[in-house]
Amino acid sequence: QVRLVESGGGLVQTGGSLRLSCIVRDEIISEFFMGWFRQAPGQEREFVASISKSSAMKYYSDSVKGRFTISRDNAENTVFLQMNNVQPEDTAIYYCTASRKYITPGTAVTDLSSWGQGTQVTVSS
């Protein structure tokens, strides 16, 4: 398993912005496809965005497309999620994940074994 540490969550007003970060510890991030998932209270964990090893491919869920941007800095061993125009329905715990295989909107949570501890994002209306 890969050790992942998220940060950047917090309380933000509707329409505001937030930037999440996820650092990969003890591994080389360029060997991994990276992704962000989220889990709202009482809901299942769901795909948000993913990015390929070279950043050539990026995937987004329909609910965040056009508002969120995933990026990575392999030199810093970090992946980011820029969240713009956030909405109350974006309130959730956001989790970073890493895989040596592709991560796409169709990837099942059970197919992924490496997760961070999560960071809480709360959007006030």
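Before reading further, recall that the structure is shown in the block above.
Throughout what follows, the structure given in this document is the object of discussion. Quick caveat: nothing in here was measured; it's all calculated off a predicted structure. (Residues numbered from 1 in each chain as written. Predicted model: local features only at pLDDT ≥ 70, side-chain atom pairs only at ≥ 80, totals over all residues. Heavy atoms only, no water.)

Observations concerning unusual backbone geometry
- We note that aspartate 26 has phi near 65°; this positive angle belongs to a residue other than glycine.
- Of note, aspartate 26 is situated in the loop between β3 (18-25) and β4 (33-39).
- Positioned with a positive phi, asparagine 77 is a non-glycine residue whose angle comes to about 60°.
- Its location among the elements puts asparagine 77 in the loop between β7 (68-73) and β8 (78-83). (Helix = DSSP H or I, 4+ residues; strand = E, 2+ residues; numbered from the N terminus.)

A look at the side chain of arginine 72
- Residue position: arginine 72 is located in strand β7.
- Although arginine 72 is buried, it makes no salt bridge; aspartate 73 carries the closest opposite charge, 8.4 Å away.
- Polar side-chain contacts of arginine 72 include one of 2.6 Å to the backbone oxygen of isoleucine 29.
- Of note is the side chain of arginine 72, whose polar atom sits 3.0 Å from the backbone oxygen of phenylalanine 32.
- Residues within four places of arginine 72 in sequence aside, it is in contact with Ile29, Ser30, Phe32, Phe33, Met34, Ile51, Ser52, Lys53, Ser55, Thr78, Val79 and Phe80. (Buried < 20%, exposed > 50% of the residue type's maximum accessible area, 1.4 Å probe, protein only. Lys, Arg positive; Asp, Glu negative; His and termini not counted. Salt bridge = Lys/Arg side-chain N within 4 Å of Asp/Glu carboxyl O. Polar contact = N/O pair within 3.5 Å; in protein donor to acceptor, adjacent residues only side chain to side chain. Contact = heavy atoms within 4.5 Å.)

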